[in-house]
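# Examining the three-dimensional arrangement
Here are the chains, one letter per residue:
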Amino acid sequence: MQVTMRSENHIGYVTLSNPPVNAIGQVLRMGLLEAVRWAERGRLDRVIVSGAGGVFAAGADAKEFDAAPQEPHLPEVLNAIDESFVPWIAAIEGVALGGGAEIAMACRMRIMAPGARIGLPEVTLGVIPGAGGTARLPRLVGLQKAVEMITTGKPIGAQEACSAGLVHTVEDDPIEAAFLVNSEALGCIVPTWEYHAPAHDADLFRMARENLQAKMPGQEAPVRALAVIEAGLALPFHAALAHERQVFLELKTGSQSKALRHLFFAQRAAKAPAHLKGAALEVQHAVVVGGGTMGAGIAYALVSSGVQVTILEADADGLKRAEDNIGKIIAASLSRGMIDAARAADLRSRLTLSTEYSQAATAQLAIEAAFEDMAVKQEILGKLDAVLSADAVLATNTSYLDLNEMAAPLMDPTRVIGLHFFAPAHIMKLLEIVQGAQSSDRAMATGYALAKRLGKVPVRAGVCDGFIGNRILARYREAADTVFMDGSTPWEVDDAMVEFGYAMGPYEAQDLSGLDIAYANRQRQAATRDPNRRYVPIADRMIELGKLGRKTGAGWYRYPGGGGKVEDPIVADLAIEEAHFSGITRTDYSSQEIRQRLVLAMINEAADILDAGIAQSAGDIDLVTVFGYGFPRWRGGLMHYADSLGVEKIVAQLEILAQEDTVAWKVSPFLRRCADAGQSLAEARPMR
Ligand code: 3HC
């Protein structure tokens, strides 16, 4: 039974009970409808509805979204609550999200516990509220707040909900408070559906629409939600609900909602494999070696999760730099209102900076974040190996280097893993956990436990140059440089990828991170590079010209006065020159052709990565590309997108491109096998 009912002294107590989050599926909907009739039959004074397990309800059961909707539908159930002569009171603990918030809004009264949150996050799953949210919320909180909550999907806390008029009071024990509500006062509260809709405000809708176009380009659900709220204002309540439902059902079967749901569940599936259960070390003290941008971000993430952190630096200059970097992160967090002064002082008090490795002795975990040089990293790991206790875990934040080679000289290479954070490390969600040939279960389990504690999305990666994400990135950039040299400009390439849904294209992104990092990497790979593979020299010329990106005032773009980007004809000329030297006749690529080349290059490489066992599943590659590299979330990640195109079609397109360059566009054998077997990338398992 997912809904339990009991009555005492004419008060009905209805509990939603579908662990872990009381997701609202068909059985729960049936139970709720039965509870309405039960309360009416008993002519109860009121019903107090709450959720079991400290959660009100997390919304409609998204696992049911792929199937046809089953009766009773949630809007009918909620109309029955709203229109019942027995008044319902929602006693909200934990979260009331989506359909959960819609249940609460159909009640006559809402009482919230202080730490609870309420919201309509449907747009984050690519749909709009489908059980009255777009009609009831504006009636309760007004247009401005309703538009903000529904189009961003961001839940709000109890105090804010109370100030907005969404809930009546905030009480430590909402069920007890609901019991104490005076019957006469309760009888005077008008059912939500009888509230007047707010007046239309053309300016508000225009500004909201512009805002969505700027901030969430390409995403369908927020814009549709806005239109549904607006249309609903001119309709009688029940007609507004019918319109909302129709749009909800349409979006639910659309590609964006499928993609976003895929990511939602892939993110939740990304946890430590069962065999690692119980093996993790509990980290109270961690050492971060190197207080550069990356190290400082990692240290800040660690102290924010309650870990004591020692940053080790080589000398006084290093300490000063680390201190400055940490100071900048704290100042930015303060100015954005993410922390207050007391929290800043608390975080700072958990952080020590030192040049003495002896300070690391009590740490359970060390993360080296020095620059990408094998000898430097080996020396650091050697020093840590000598000073940390034998069971401590040693991690490297290397982006490319061979973990096995790095760990080989240590007394105990089994304690080494890669923890590849993404800049800025305290914000970006992805954490690649790199498993070396000898990494122990305890070291891996500790990596996963840390990811959970830091609120990161963990993805296990095997050892190769660039692991999962940077290996794909290298091919993306190679395809971009080839398109640039053979006919486009960096800004045409960037525009094409922004149209696809990236926040910025590959050239603007490189300007932000600095062209020197990729250059150092190309130098490192020079000796082992396939001599038959085409090499585009333009990025090297940029280094010769001192154009390293934003930090030097110019990269692929110019940034006069440190401001916004400006196209640079000198850069465009570089490609014309290089093409001339190489005897290439340049061609015009359409945006569609540019996108196709860059995306196919990534898919082809990702398939090889999967085949080689560097990534465990197509879903893991989706998580990497979305949470580490800005692949548009609403496309579900690289491999989900590939499956939506169809593997056979991808192979056919790659074969056409291979006529131009057999090496760069060599079709991944894994893709070919999937196409031959008629399997999607999500279903296929590599032959290992
Ligand atoms: N449907 C189905 N399963 C859900 C779910 C949902 N709406 N919400 C959470 N779950 C599942 C998760 O998949 C996970 O399952 P697992 O243990 O098998 O991996 C389990 O519940 C616990 O979830 P989390 O791991 O996310 O637990 P947290 O404590 O970190 O977070 C939460 C809990 C804040 C409720 C978070 O899960 C969440 O944000 N859920 C989605 C909320 C949402 O988007 N609701 C809107 C749904 S659409 C809707 O309601 C339409 C309506 O308008 C008609």
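So, how was this worked out
- Residues numbered from 1 in each chain as written.
- Predicted model: local features only at pLDDT ≥ 70, side-chain atom pairs only at ≥ 80, totals over all residues.
- Heavy atoms only, no water.
- Helix = DSSP H or I, 4+ residues; strand = E, 2+ residues; numbered from the N terminus.
- Buried < 20%, exposed > 50% of the residue type's maximum accessible area, 1.4 Å probe, protein only.
- Axes fitted to C-alpha atoms, helices over the stretch in contact; angles between N-to-C directions.
- Parallel < 35°, antiparallel > 145°, perpendicular 65-115°, else oblique.
- Contact = heavy atoms within 4.5 Å.
- Nonpolar A, V, L, I, M, F, W, Y, C, P; charged D, E, K, R; others polar.
- Core = buried A, V, L, I, M, F, W, Y, C linked by side-chain atoms within 4.5 Å.
- Expected span 1.5 Å × (residues − 1).
- Polar contact = N/O pair within 3.5 Å; in protein donor to acceptor, adjacent residues only side chain to side chain.
- Pairing = 2+ DSSP bridges.
- 1 Å grid on protein atoms, 1.4 Å probe; cavity = no way out; pocket = protein on both sides within 12 Å on 5 of 7 lines; lining within 4 Å.
- Points joined across faces, edges and corners; volume = space filled by probe spheres on them.
- Lys, Arg positive; Asp, Glu negative; His and termini not counted.
- Salt bridge = Lys/Arg side-chain N within 4 Å of Asp/Glu carboxyl O.
- Disulfide = S-S within 2.5 Å.
- Near = heavy atom within 4 Å.
- Areas by Shrake-Rupley, 256 points an atom, 1.4 Å probe, with all protein chains shown as cover.

## Brief notes about unusual backbone geometry
- Here the residue pair glutamate 71 and proline 72 is connected by a cis peptide bond, since its omega of -5° sits within 30 degrees of zero.
- Relative to the elements of secondary structure, proline 72 occurs in the loop between strand E3 (46-51) and helix H2 (74-83).
- In this model, asparagine 9 sits at a positive phi of 50°, which is unusual for a non-glycine residue.
- Considering the arrangement of structural elements, one finds asparagine 9 in the loop between strand E1 (3-8) and strand E2 (11-16).
- Assessed through its relative accessible area of 69%, asparagine 9 is described here as exposed.
- Of note in this structure, asparagine 22 is not a glycine but carries a positive phi near 55°.
- Examined against the element boundaries, asparagine 22 turns out to sit in the loop between E2 and helix H1 (26-41).

## A few points about the packing of helix H25 (residues 591-611) against helix H27 (residues 638-645)
- It is at 10 Å that the axes of H25 and H27 come closest, and there the two elements cross at 110°. In this view, H25 runs roughly perpendicular relative to H27, as classed from their interaxial angle. Listed contacts from H27 to Val599, Met602, Ile603, Ala606, Ala607 and Leu610 of H25 are Leu638, Met639, Tyr641 and Ala642.
- Taken together, the residues of the contact of H25 with H27 sort by class into ten nonpolar, no polar and no charged.

## Comments concerning the nonpolar core
- Core analysis: the largest hydrophobic core is formed by 101 residues, its most contacted members being Leu384, Ile468, Trp556, Leu638 and Leu671.
- With eleven residues, H25 is the single largest residue contributor to this core.
- Other than its neighbours up to four places away in sequence, leucine 384 contacts Val287, Val289, Tyr357, Ala360, Ala366 and Leu394.
- The next biggest cluster of nonpolar side chains, apart from the first, holds 69 residues, and it includes Ile92, Ile103, Val127 and Met149.

## Focus on helix H16 (residues 374-387)
- Given a rise of 1.5 Å per residue, 14 residues ought to cover 20 Å, and the 20 Å separating the end C-alpha atoms of H16 matches this to within 8%.
- Looking at the buried side of H16, the elements it contacts are strand E10 (285-289), strand E13 (365-368), strand E14 (393-396), helix H17 (403-407) and strand E15 (416-421).
- Residue aspartate 373 occupies the N-cap position of H16, its side-chain oxygen lying 3.0 Å from the main-chain nitrogen of alanine 375.

## Some points on the sheet that holds E15
- One open sheet accounts for eight strands, arranged E12-E11-E10-E13-E14-E15-E16-E17; its pairing is mixed. Since the sheet does not close on itself, it has two edges, and those belong to strand E12 (351-354) and strand E17 (457-461), each with one partner. Neighbour to neighbour, the strand axes of the sheet diverge by 25° on average, direction disregarded.
- With three bridges connecting them, E14 and E15 associate as parallel partners. Counted as the bridge partner of leucine 394 is valine 416 from E15.

## Digging into empty space enclosed by the protein
- Under the defined criterion, the tally for this structure stands at one cavity of 30 Å³ or more.
- Of the volumes computed, that of the largest cavity is approximately 40 Å³.
- Lining of the largest cavity is provided by Glu478, Thr482, Arg533, Arg534, Val536, Asp661 and Ala664.

## Considering the side chain of aspartate 494
- Inspection of the secondary structure assignment puts aspartate 494 in helix H20 (residues 490-500).
- The side chain of aspartate 494 is buried and forms no salt bridge, while lysine 565, the nearest opposite charge, is found at 6.1 Å.
- A polar side-chain atom of aspartate 494 sits 3.0 Å from the main-chain amide nitrogen of glutamate 508.
- Beyond its immediate sequence surroundings of up to four residues, aspartate 494 is in contact with Gly505, Pro506, Tyr507, Glu508 and Tyr557.

## Comments concerning the pattern of salt bridges
- Within this structure, the stated rule accounts for 39 salt bridges.
- Salt-bridge contacts for aspartate 203 lead to arginine 206; the nearest nitrogen and oxygen are separated by 3.5 Å. One end of the pair is aspartate 203 and the other is arginine 206, both in helix H9 (residues 202-215) and three residues apart, which spans about a single turn.
- For arginine 206, a relative accessible area of 40% gives the class partly exposed.
- Each of Arg471, Arg475, Glu478, Arg533 and Glu605 takes part in a single network of salt bridges with overlapping partners.

## Observations regarding the state of the cysteines
- Applying the stated criterion across every chain, the model contains zero disulfides.
- Unpaired in this structure, cysteine 188 has its nearest cysteine sulfur neighbour in cysteine 107, at a distance of 18 Å.
- Of all cysteine sulfurs in the structure, the one in cysteine 674 sits closest to cysteine 464, which takes part in no disulfide; the separation is 19 Å.
- The exposure class of cysteine 464 is buried, given its relative accessible area of 14%.

## A look at the site of the ligand
- Around the ligand, a shell composed of 23 residues is seen, among which Ala60, Gly99, Glu102, Glu122 and Arg268 lie nearest.
- At a separation of 2.8 Å, a nitrogen atom of the ligand approaches a polar backbone atom of alanine 58.
- Taking 980 Å² as the accessible area of the ligand by itself, protein coverage stands at 73%.
- Among the elements that make up the shell around the ligand, the one with the highest residue count is helix H12 (residues 255-269) (three residues).
- Residues belonging to the shell around the ligand are distributed by class as follows: 14 nonpolar, four polar and five charged.

## Topic: the layout of surface pockets
- In this structure, the second largest pocket spans a volume of roughly 780 Å³.
- Forming the walls of the second largest pocket are 26 residues, and the residues nearest its centre are Ala474, Arg475, Glu478, Gln525 and Arg529.
- Among the elements of the structure, helix H19 (469-486) and helix H22 (515-525) are those that each provide at least two residues to the lining of the second largest pocket.
- The biggest single contributor to the lining of the second largest pocket is H19, with seven residues.
- Tallied by class, residues from the lining of the second largest pocket come to eight nonpolar, six polar and twelve charged.

## Examining the environment of glutamate 577
- Its place among the elements puts glutamate 577 in helix H24 (residues 569-581).
- Note: C-alpha distance between glutamate 577 and methionine 485 (92 residues apart in sequence) is 9.0 Å.

## Observations concerning the side chain of serine 50
- The topology assignment puts serine 50 in strand E3.
- Exposure remark for serine 50: the relative accessible area of 7% places this residue in the buried category.
- Those residues in contact with serine 50, other than ones at most four positions away along the chain, are Val14, Thr15, Leu16, Phe56, Ala91 and Ile175.

## Some words on the sheet that holds strand E5 (residues 95-97)
- Strands sit in the order E5-E7-E8 across an open sheet of three strands; the sheet is mixed. Sheet topology places E5 and strand E8 (156-157) at the edges, where each strand pairs with a single neighbour.
- By the bridge criterion, three bridges tie E5 to strand E7 (residues 117-119) in an arrangement that is parallel. Residue pairing in the sheet places valine 95 in a bridge with arginine 117 of E7.
- Lying on the sheet, helix H3 (residues 99-106) is in contact with E5 and E7; it crosses E5 at an angle near 95°.

## Things to note about helix H21 (residues 506-513)
- Looking at H21, one finds that the buried residues are Pro506, Tyr507, Glu508, Gln510 and Asp511.
- Summarising the contacts, the buried residues of H21 are in contact with H19, H20, H22, strand E18 (557-558) and H25.
- Glycine 514 occupies a position one or two residues after H21 and carries a positive phi of about 105°.

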